[in-house]
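Architecture and fold: a report
The chain contents come next:
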Amino acid sequence: MNATVPQLPATVGTFSQLLSSTRRGARLARLLAAEQLRAWEVPPAVTERVEQIVAELAANAVLHGQVRGRDFRLALTLDTATSTLRVEVTDARSDHMPAPPADPGADGESGRGLLLVAALADPWGTEPYLPRGKTVWTELDSRSTRAH
C-alpha cells in the first residue's frame, strides 16, 4: 500500500500594467506594486523592499529607457510553491542596457539606483525584450521578514 502525501497546490499570481514613460507613470508603478502585494498578503518587509526596487527601476525606465510614444511595463509574479516574487520593468530601449552597479563616489549625483536594487534584491539582471527593448528583473523570497 502506497500512501500519498497531500501537496498544497502551487499558486501563481500575476500582475502586469503598461504605464506612461513619465514621472507620474513611475510613481504609479510603485503604488500599484504596493497595492498588489498587499492583496497577495506579502509580508510588509518584502512589500517595502519591492516598493523601493520598483521606484528605482521605473525611474530608470523613464529616464534612460524612454522612447517617445512608448510606455513601460511593470510585471509582478508570485509563485507560492517556490516562495519567489519576481519583479520586471520593461522599457523600449534595447540599446541602453544598465551597467553593473559601481560606486558613484561621494560627489556623484546619479548612479545609486542599481546599487540600491542590488542591495535589496536577491538576484537581479537584464534580458532582451523582443522585438525591441529590455527587461530589468529581480527576484525576492516572498516570505522574507528581513529588512534592509
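The structure we're discussing is the one just above.
This section reports on the structure supplied with the text. (Residues numbered from 1 in each chain as written. Predicted model: local features only at pLDDT ≥ 70, side-chain atom pairs only at ≥ 80, totals over all residues. Heavy atoms only, no water.)

Three- or four-residue spacings in an α-helix give side chains the same orientation, since the helix completes a turn every 3.6 residues. Given a rise of 1.5 Å per residue, 17 residues ought to cover 24 Å, and the 25 Å separating the end C-alpha atoms of helix α1 (residues 23-39) matches this to within 8%. Residues of α1 that are buried include every one of G25, A26, A29, A33, A34, Q36 and L37, and no others. Residue E41 follows α1 closely and has a positive phi angle near 60 degrees. (Helix = DSSP H or I, 4+ residues; strand = E, 2+ residues; numbered from the N terminus. Expected span 1.5 Å × (residues − 1). Buried < 20%, exposed > 50% of the residue type's maximum accessible area, 1.4 Å probe, protein only.)

This paragraph deals with unusual backbone geometry. Going from L130 to P131, the amide bond is cis rather than trans, its omega being 15 degrees. Unusually for a residue other than glycine, E41 sits at a positive phi of about 60 degrees. Tracing the sequence through the fold places E41 in the loop between α1 and α2 (44-64). On the basis of relative accessibility, which here comes to 70%, the residue E41 falls in the exposed class. With a phi close to 55 degrees, S83 is a non-glycine residue in the positive phi region. Relative to the assigned elements, S83 resides in the loop between β2 (72-79) and β3 (84-91). You can call S83 buried: its relative accessible area is 8%.

Looking at the secondary structure, you find R86 in strand β3. Exposure remark for R86: the relative accessible area of 18% places this residue in the buried category. Within the structure, the side chain of R86 is placed 2.9 Å from the side chain of E139, a separation counted as a polar contact. Setting aside chain neighbours within four positions, we find R86 in contact with A75, L76, T77, E127, W137, T138 and E139. (Polar contact = N/O pair within 3.5 Å; in protein donor to acceptor, adjacent residues only side chain to side chain. Contact = heavy atoms within 4.5 Å.)

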